[in-house]
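Geometric and topological summary
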Amino acid sequence: MRILVVEDDTTLAAQLRAALEGAGFAVDVEHDGAAAAFAGTTERYDAAVLDLGLPVRDGLSVLREWREAGHQWPVLILTARNRWSDKLAGFQAGADDYLTKPFILDEVVLRLRAMLRRLAGCANPVLQAGPLEYDVTAARFRLHGQPLTLTAQEHKILAYLMHHPNRVLTRTEISEHVYARDLDPDSNTLDVLIGRIRRKLGQPQLLVTERGQGFRLHSAPTTDDRP
């Protein structure tokens with residue numbers, strides 16, 4: 001899942017990037033409101049972490065522009081402003097959650113995961129596709145009740161698929177949501193990673209290739225290929 005972090009404090013921005021990347025997210029960072037507004041309207045993100053007190057343009061105007069452009073991905077506001085009027089203004093501008101500074105980095109990760117889970121239409125913290133389970137809070141996969149070992153990139157791809165079950169996802173869409181802006185893997189790399197995931201799942205009907213379109217993760221495969 002790809003996250004945009006907008007924070008003018010470069011030290012805090014670096015800490016947020018490290019925490020989110022350590023949790024399996026792909027992260028882009030902007031440090032001023034103008035750059036954030038442009039990134040949010042030209043790139044594809046799954047969520048954003050947005051400071052309000054930004055140079056060039058304030059965070060509320062950036063958030064309003066994103067919403068007016070039709071971008072519905074969840075936004076978590078991080079700010080030192082803790083008055084009720086500030087929180088109200090943030091939610092009225094289109095924020096999904098609000099966290100005041102100082103905060104614990106792990107809480108940012110947990111709140112983002114909760115927002116993404118709700119966006120996927122699942123109140124349960126465990127997403128399921130047949131025998132495959134993904135604990136969103138712990139960021140762990142289990143297959144037939146047993147831990148599933150994946151590389152970092154395999155984990156990111158499968159987590160994105162788990163948040164969008166039964167949908168055909170194109171190679172471009174997966175790449176744009178799994179990799180940060182400065183990474184541009186070719187389609188062959190993605191095919192190789194999908195192939196590795198499919199072999200680890202051991203169930204061809206669970207993750208299928210839709211010829212000429214992309215990939216689909218079935219939430220309820222019709223057969224059980226358990227070894």
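Residues numbered from 1 in each chain as written. Predicted model: local features only at pLDDT ≥ 70, side-chain atom pairs only at ≥ 80, totals over all residues. Heavy atoms only, no water.

1. Considering the overall build of the chain
Put simply, the rule reads: Under the DSSP-based scheme used, a helix requires at least four consecutive residues in state H or I and a strand at least two consecutive residues in state E, with every element numbered from the N terminus. Based on C-alpha atoms, the radius of gyration is set beside the globule rule, defined as 2.2 Å times the residue count to the power 0.38. Exposure categories follow from relative accessible area, calculated using a 1.4 Å probe and restricted to protein chains: below 20% of the type maximum is buried, above 50% is exposed, and the middle band is partly exposed.
Along the backbone of the chain there are eight helices and 12 strands. Relative to the 2.2 N^0.38 estimate, which gives 17 Å for 227 residues, the radius of gyration of the chain is 18 Å and therefore close to what a compact globule would have. Reported as C-alpha extents along the three principal axes, the dimensions of the chain are approximately 55 × 30 × 30 Å. In the chain, buried positions account for 48% of the 227 residues.

2. Some thoughts on the sheet that holds strand β12 (residues 214-217)
As a reminder, the rule being used: Two strands make a pair as long as DSSP finds a minimum of two bridges between them.
Ordered by their spatial adjacency, three strands build an open sheet running β10-β12-β11, and the pairing between neighbours is antiparallel. Single-partner strands in this sheet number two, and they are β10 (168-169) and β11 (207-210). Bridge count for β10 against β12 is two bridges, and the pairing is antiparallel. Looking across to β12, one finds that valine 168 is bridged to arginine 216.

3. Things to note about the nonpolar core
Selection rule: Nonpolar cores were defined as sets of buried Ala, Val, Leu, Ile, Met, Phe, Trp, Tyr and Cys residues, with membership established by side-chain atoms within 4.5 Å. Every residue pair with non-hydrogen atoms within 4.5 Å of one another is taken to be in contact.
In this structure, Phe25, Ile157 and Leu158 are the most contacted members of the largest nonpolar core, which totals 51 residues. Considering each element in turn, this core owes the most residues, six residues, to helix α6 (residues 152-162). Here leucine 158 is in contact with Leu132, Phe141, Leu148, Leu150, Ile197 and Leu201, once residues within four sequence places are set aside. Residues Leu4, Ala39, Leu54 and Leu60 belong to the second largest nonpolar core, which totals 20 residues.

4. Some remarks on the UniProt feature "modified residue: 4-aspartylphosphate" (unreviewed entry) in the chain
The condition that has to hold: UniProt positions are given in the numbering used here, feature names are shortened, and annotations may be inferred rather than shown by experiment.
With numbering matched to this structure, UniProt assigns "modified residue: 4-aspartylphosphate" (unreviewed entry) to Asp51. For aspartate 51, the position within the fold is in strand β3 (residues 47-51). In this structure aspartate 51 touches Val6, Glu7, Asp8, Gly59, Leu78, Thr79 and Lys101, once residues within four positions along its chain are discounted.

5. Some details on the UniProt feature "domain: Response regulatory" (unreviewed entry) in the chain
Residues given the UniProt feature "domain: Response regulatory" (unreviewed entry) here are residues 2-116. End C-alpha atoms of residues 2-116 are separated by 11 Å, and the span's content is 48% helix alongside 21% strand.

6. Description of the pairing of β12
Sheet topology note: the β11/β12 ladder contains four bridges and is antiparallel. By the bridge assignment for β12, threonine 209 is matched with phenylalanine 215.

7. Notes on the pattern of salt bridges
Basically, it comes down to this: We count a salt bridge whenever a side-chain nitrogen from Lys or Arg sits within 4 Å of a carboxyl oxygen from Asp or Glu.
One pass over the structure, following the stated rule, counts 16 salt bridges. Here glutamate 176 ties to arginine 44 by a salt bridge, and the two come within 3.1 Å at their closest N and O atoms. Note that glutamate 176 is positioned in helix α7 (residues 171-178) and arginine 44 in the loop between α2 (33-42) and β3, a separation of 132 residues in sequence. The partly exposed category is assigned to arginine 44, whose relative accessible area is 38%. For arginine 167, the salt bridge identified is with glutamate 173, shortest N-O distance 2.7 Å.

8. Overview of unusual backbone geometry
Backbone torsion omega between lysine 101 and proline 102 reads -5°, so that peptide bond is classified as cis. Along the chain, the position of proline 102 falls in the loop between β5 (97-100) and α5 (105-119). Even without a glycine there, the phi angle at valine 56 is positive, about 75°. Along the chain, valine 56 turns up in the loop between β3 and α3 (59-68).

9. What about the environment of phenylalanine 38?
Note that phenylalanine 38 resides in helix α2. In this structure the C-alpha to C-alpha distance between phenylalanine 38 and leucine 20, which are 18 residues apart in sequence, comes to 22 Å.

10. Observations concerning the sheet that holds β5
How we decide: An axis is simply a line fitted to the C-alpha atoms; with a helix, the fit covers only the stretch in contact. Between two such axes, the angle follows the N-to-C directions and lies from 0 to 180 degrees.
With parallel pairing, the five strands of this open sheet are ordered in space as β2-β1-β3-β4-β5. Looking at strand neighbours, the two that pair on one side only are β2 (26-30) and β5, the edges of this open sheet. Here the strands of the sheet are splayed against their neighbours by 20° on average, with no regard to which way each runs. The sheet contact formed by strand β1 (residues 2-6) and β2 spans five bridges and is parallel. Of the residues in β2, the one forming a bridge with arginine 2 is alanine 26. Lying over the sheet, helix α1 (residues 10-22) contacts β1, β2 and β4 (75-79), oriented at roughly 170° with respect to β2. Those strands touched by α2 are β1 and β2, and its axis lies near 165° from that of β1.

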